Amino acid sequence: MGKIYGYVRVSTREQNEDRQMIALVGVNVPEQNIYVDKQSGKDFERPEYKRLLRKLGEDDLLYIKSIDRLGRNYEEILEQWRVITKEKKVDIVVLDMPLLDTRRGKDLVGTFLSDVVLQILSFVAENERGNIRQRQREGIEAAKKRGVQFGRPQKPVPDNFIQVYNRWLEKEISGEVAAGLCGLTMSTFYRRANRRKERQKETK
């Protein structure tokens with residue numbers, strides 16, 4: 001019988017790993033054998049995960065709370081699962097998905113079932129990540145159309161902007177002088193001047 005290990009991952013330093021830790025301690029994983037990364041799951045370039053891989057040996061047992069704690073990239077999850085179970089000959093138990101327990105069904109059918117479930121779950125996890133990104137993009141676009149401003153709030157338009165803008169438009173003053181009179185940088189003055197030109201075209 002080998003050693004028992006656990007792996008925990010949270011996406012940011014602000015997130016709390018207690019829920020995963022409680023689950024792993026609940027199945028008797030020694031706390032000193034639990035490796036914790038506070039990092040995105042987009043790849044496996046994580047320091048604690050790499051340390052864990054170096055520690056794992058034949059007949060060891062690895063617990064994780066859910067498949068997305070291992071990672072979020074479909075192909076890389078499958079590759080790491082292969083490395084751990086086939087090359088290192090370590091068993092994996094995913095607590096949230098009892099079918100993903102390589103200790104059970106060591107025969108051909110059991111192994112096939114585990115592999116199929118893993119591939120489906122990995123695909124779903126990555127697909128959902130893509131859907132979230134798409135929803136975020138659509139939400140941002142919809143907000144922009146409603147006039148929501150992103151980034152730093154804009155400075156209010158100076159009281160003398162229209163007067164200075166008209167003088168600049170008539171070529172009485174240069175852009176540099178106009179920006180100075182408005183207390184703006186040249187890039188900001190030109191951006192606002194172009195925006196005003198566009199609005200004037202639309203109202204014609």
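Anyway, here's the lowdown on the structure attached to this text. (Residues numbered from 1 in each chain as written. Predicted model: local features only at pLDDT ≥ 70, side-chain atom pairs only at ≥ 80, totals over all residues. Heavy atoms only, no water.)

**As for the sheet that holds strand E2 (residues 34–38)**
And step 1. Spatial strand order, E2-E1-E3-E4: four strands in an open sheet with parallel pairing. Among the strands making up the open sheet, the edge pair consists of E2 and strand E4 (91–94). Each adjacent strand pair in this sheet contributes to an overall mean axis angle of 20 degrees, direction not counted.
And step 2. Here strand E1 (residues 4–10) pairs with E2 via five bridges, running parallel. By the bridge assignment for E2, glycine 6 is matched with isoleucine 34.
And step 3. In the packing of helix H1 (residues 18–26) onto the sheet, contacts are made with E1, E2 and strand E3 (61–64), and the angle to E1 comes to roughly 170 degrees. (Pairing = 2+ DSSP bridges. Helix = DSSP H or I, 4+ residues; strand = E, 2+ residues; numbered from the N terminus. Axes fitted to C-alpha atoms, helices over the stretch in contact; angles between N-to-C directions. Contact = heavy atoms within 4.5 Å.)

**Section: the packing of helix H7 (residues 175–182) against helix H8 (residues 186–203)**
And step 1. Between H7 and H8, the least distance of the axes is 9 Å, while the angle of their chain directions is 95 degrees. What the angle tells us is that H7 and H8 run roughly perpendicular. Here Gly175, Glu176, Ala178, Ala179 and Cys182 of H7 lie close against H8, whose contacting residues are Met186, Phe189 and Tyr190.
And step 2. Among the residues forming the contact of H7 with H8, the class breakdown is six nonpolar, one polar and one charged. (Parallel < 35°, antiparallel > 145°, perpendicular 65-115°, else oblique. Nonpolar A, V, L, I, M, F, W, Y, C, P; charged D, E, K, R; others polar.)

**Let's talk about the nonpolar core**
And step 1. Within the largest apolar cluster, 21 residues are counted, with the highest numbers of intra-cluster contacts made by Leu70, Trp81 and Ile84.
And step 2. Beyond its immediate stretch of four places on either side in the chain, isoleucine 84 contacts Tyr49, Leu53, Leu56, Leu62, Lys89, Val90 and Ile92.
And step 3. Of all hydrophobic cores here, the second largest spans 11 residues; its members include Ile173, Ala178, Cys182 and Leu184. (Core = buried A, V, L, I, M, F, W, Y, C linked by side-chain atoms within 4.5 Å. Buried < 20%, exposed > 50% of the residue type's maximum accessible area, 1.4 Å probe, protein only.)

**Observations regarding the packing of helix H6 (residues 161–169) against H8**
And step 1. The interhelical angle for the contact between H6 and H8, taken along N-to-C directions, is 85 degrees, at an axis separation of 11 Å. The pairing of H6 with H8 is recorded here as roughly perpendicular in orientation. Within the contact between the two elements, H6 uses Phe161, Ile162, Val164, Tyr165, Trp168 and Leu169 and H8 uses Phe189, Tyr190, Arg192, Ala193, Arg196, Lys197 and Gln200.

**Re H1**
And step 1. For H1, the full list of buried residues reads Gln20, Met21, Ala23 and Leu24. Mapping the buried residues of H1 onto a view down its axis gives an arc of 165 degrees, with all of them on the same face. For H1, the exposed residues set more than 90 degrees away from the buried face come down to Arg19, Ile22 and Gly26.
And step 2. Elements in contact with the buried residues of H1: E1, E2, E3 and helix H3 (67–70).
And step 3. Asparagine 28 sits one or two positions beyond H1 and adopts a positive phi of about 70 degrees. (Arc of directions from axis to C-beta.)

**Concerning the pattern of salt bridges**
And step 1. Going through the model one piece at a time under the given rule, you end up with nine salt bridges.
And step 2. The closest approach of N and O atoms between lysine 50 and glutamate 45, which form a salt bridge, is 2.6 Å.
And step 3. What makes lysine 50 partly exposed here is its relative accessible area of 35%.
And step 4. For arginine 82, the salt bridge goes to glutamate 79, with nearest N and O atoms at 2.7 Å. Residue arginine 82 and its partner glutamate 79 are both found in helix H4 (residues 74–87); the two are separated by three residues, about one turn of the helix.
And step 5. You can call arginine 82 partly exposed: its relative accessible area is 34%. (Salt bridge = Lys/Arg side-chain N within 4 Å of Asp/Glu carboxyl O.)

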